[in-house]
Amino acid sequence: MSQEHNESSSIQQITRLQPKHFADLVRAAQLIFDPSAGLSGRQLIIDWRDFGIPLDVAENLKSLGEEYQYASPHISVDLVWSRLTPETRIWFVGHKDELWRLEEAFPALDED
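Just so we're clear, the structure is a prediction, and the values are computed from it rather than from any experiment. (Residues numbered from 1 in each chain as written. Predicted model: local features only at pLDDT ≥ 70, side-chain atom pairs only at ≥ 80, totals over all residues. Heavy atoms only, no water.)

**A short note on the pattern of salt bridges**
Move 1: Following the criterion strictly, the structure yields four salt bridges and no others.
Move 2: Between arginine 27 and aspartate 24 there is a salt bridge, with the nearest N and O atoms lying 2.5 Å from each other. Remark: aspartate 24 and arginine 27 occur in helix α2 (residues 19–33); sequence separation between them is three residues, near one turn of the helix.
Move 3: With a relative accessible area of 22%, arginine 27 lands in the partly exposed category.
Move 4: Classification of aspartate 24 as buried rests on a relative accessible area of 14%.
Move 5: Residue glutamate 103 pairs with arginine 27 through a salt bridge whose shortest N-O separation is 3.0 Å. Here glutamate 103, found in helix α6 (residues 99–105), pairs with arginine 27, found in helix α2; they are 76 residues apart in sequence, far enough to count as distant.
Move 6: The class of glutamate 103 is partly exposed, set by a relative accessible area of 34%.
Move 7: One continuous salt-bridge network, built from bridges that share partners, spans Asp24, Arg27 and Glu103. (Salt bridge = Lys/Arg side-chain N within 4 Å of Asp/Glu carboxyl O. Helix = DSSP H or I, 4+ residues; strand = E, 2+ residues; numbered from the N terminus. Buried < 20%, exposed > 50% of the residue type's maximum accessible area, 1.4 Å probe, protein only.)

The following block contains the structure:
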């Protein structure tokens, strides 16, 4: 078994986070980085605290979202975890089942 797989399994076992939670976090980070979904002329100013995201966590997620702006949200658990600050990790574990709500607040532009 590879070391990367062992680390990923350890993270998931200790935190009870699943790959779907990490994908939700990456999608949330992409939204935090660019809530206007790349539309020119559309600029949204969001106070992420209104969504229960502390400013320091929002800044960490914004940088993650910038890094993976156009990537699939299914990024290696180890890679995502390594980019999170301790504060963001704690927040993520506590809010893992609520991240989908953020995506619902910003529906895709191509949906009816």
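**Section: the side chain of threonine 88**
Move 1: Looking at the secondary structure, you find threonine 88 in helix α5 (residues 86–95).
Move 2: Of the polar contacts made by the side chain of threonine 88, one reaches the side chain of threonine 85; its length is 2.9 Å.
Move 3: Contact partners of threonine 88, with chain neighbours within four places excluded, come to Asp56, Val57, Asn60 and Leu61. (Polar contact = N/O pair within 3.5 Å; in protein donor to acceptor, adjacent residues only side chain to side chain. Contact = heavy atoms within 4.5 Å.)

**Let's talk about the packing of α2 against helix α3 (residues 55–67)**
Move 1: One can describe the packing of α2 onto α3 by two numbers: an axis separation of 7 Å at closest approach and a directional angle of 95°. With respect to α3, the element α2 is oriented roughly perpendicular. Counted together, Leu25, Ala29, Gln30, Ile32 and Phe33 of α2 and Ala58, Leu61, Lys62, Leu64, Gly65 and Glu66 of α3 form the full contact between these two elements.
Move 2: Residue classes in the contact of α2 with α3 are distributed as seven nonpolar, two polar and two charged. (Axes fitted to C-alpha atoms, helices over the stretch in contact; angles between N-to-C directions. Parallel < 35°, antiparallel > 145°, perpendicular 65-115°, else oblique. Nonpolar A, V, L, I, M, F, W, Y, C, P; charged D, E, K, R; others polar.)

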